[in-house]
Amino acid sequence: MKILVINGPNLNMLGIREPQIYGAQNFEALQKFIKDSADELGLSVSLFQSNHEGEIVDVIQSAYGVYDGIVINPAAYTHTSVAILDALKAVAIPTVEVHLSDINTREEFRKFSYVSMVAKKTICGLGFEGYKEALRYFSFEK
Ligand code: DQA
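The structure displayed is predicted, hence computed values, not measured ones.

> Help me out: how do you make sense of the sheet that holds strand 2 (residues 44-49) in this one?
In any sheet, the strands associate via hydrogen bonds between backbone groups, in a parallel or an antiparallel arrangement. Read across the sheet, five strands follow the order 2-1-3-4-5 without closing on themselves; strand pairing throughout is parallel. Here the strands that pair on one side only, and so sit at the sheet edges, are strand 2 and strand 5 (121-124). Adjacent strand axes in the sheet meet at a mean angle of 20° when their direction is disregarded. Here five bridges tie strand 1 (residues 2-7) to strand 3 (residues 69-73), and the two strands are oriented parallel to one another. Within strand 3, the residue paired with I3 across the bridge is G69.

> Sorry, what's going on with the layout of surface pockets here?
The gaps left among the atoms become clear once a water-sized probe is rolled over them. There is about 160 Å³ of room inside the largest pocket. Lining the largest pocket are 15 residues, and of these R17, Y22, A75, A76 and R110 lie nearest its centre. The class makeup of the residues in the lining of the largest pocket is seven nonpolar, five polar and three charged.

> When you look at the pairing of strand 3 in this model, what are you seeing that I'm missing?
Summarising burial for strand 3: five of the five residues are buried, a large majority. In strand 3, alternate side chains face the same way, and those of G69, V71 and N73 on one face and I70 and I72 on the other are all buried. Bridge count for strand 3 against strand 4 (residues 95-99) is three bridges, and the pairing is parallel. In the sheet register, V71 faces strand 4, and the bridge partner there is V96. For the crossover that starts at strand 3, traverses helix 4 (residues 82-91) and ends in the parallel strand 4, the hand is right-handed.

> I would appreciate a short explanation of the side chain of R110 in the present structure.
With respect to the element layout, R110 can be found in the loop between strand 4 and strand 5. Within polar-contact distance, the side chain of R110 engages the side chain of E107 at 2.7 Å. Aside from chain neighbours lying at most four places away, what touches R110 is Y22, H79 and I103.

> Is there a simple way to think about the environment of Y64 in this case?
Secondary-structure assignment places Y64 in the loop between helix 3 (53-62) and strand 3. Separated by 30 residues in sequence, Y64 and I34 place their C-alpha atoms 22 Å apart. If we ignore the near neighbours within four places in the chain, the residues touching Y64 are V91 and I93.

> Help me understand the nonpolar core, please; the structure alone is not making it clear to me.
Among soluble globular proteins, nonpolar side chains are generally buried collectively. Ranked by size, the top nonpolar core spans 22 residues in total, and within it L14, V71, Y131 and L135 carry the most contacts. Of all the secondary-structure elements, those providing two or more residues to this core are strand 1, helix 2 (27-41), strand 4 and helix 5 (129-139). Other than its neighbours up to four places away in sequence, Y131 contacts V5, N7, L11, L30, I34, V71, N73, V98 and L100. I60, A63, Y77 and V115 belong to the second largest nonpolar core, which has 17 residues in total.

So, how was this worked out
Residues numbered from 1 in each chain as written. Predicted model: local features only at pLDDT ≥ 70, side-chain atom pairs only at ≥ 80, totals over all residues. Heavy atoms only, no water. Pairing = 2+ DSSP bridges. Helix = DSSP H or I, 4+ residues; strand = E, 2+ residues; numbered from the N terminus. Axes fitted to C-alpha atoms, helices over the stretch in contact; angles between N-to-C directions. 1 Å grid on protein atoms, 1.4 Å probe; cavity = no way out; pocket = protein on both sides within 12 Å on 5 of 7 lines; lining within 4 Å. Points joined across faces, edges and corners; volume = space filled by probe spheres on them. Nonpolar A, V, L, I, M, F, W, Y, C, P; charged D, E, K, R; others polar. Buried < 20%, exposed > 50% of the residue type's maximum accessible area, 1.4 Å probe, protein only. Right-handed = clockwise from strand over helix to strand, strands pointing away. Polar contact = N/O pair within 3.5 Å; in protein donor to acceptor, adjacent residues only side chain to side chain. Contact = heavy atoms within 4.5 Å. Core = buried A, V, L, I, M, F, W, Y, C linked by side-chain atoms within 4.5 Å.

Following this line, the structure appears as structure tokens:
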């Protein structure tokens, strides 16, 4: 199974960015954690991060016919992006949504997620472990 893992804006700032919310480990550590988790679960994984909405739409479109699953942390675009929702609907690739923090217990504006409308599952508040949980969803499908 080929899985594309997409991380949205500011996640490249992990370790520096609000460590009390997102933890002290940096983005490189997250990427290593995702790769190690995929290896353990017998999944093939590609990693993509962008701070730009259109680039995320482009990578979702180019996943069509290539990937069997998408794991996405759309970051701030979670709460604003109809374009990312539409791209996920267009390619119809099974998608699991991940958030490091628990978006349901933070500010009001974080409680709404466009991506949740299409996601098979949403995992929040588990930190790095949430990505492994998301990958596990696809390993059960093998
Ligand atoms: C986030 C939560 C979002 O509300 C926020 O904008 C992020 C990260 C998370 O992983 O907890 O950038 O998606």
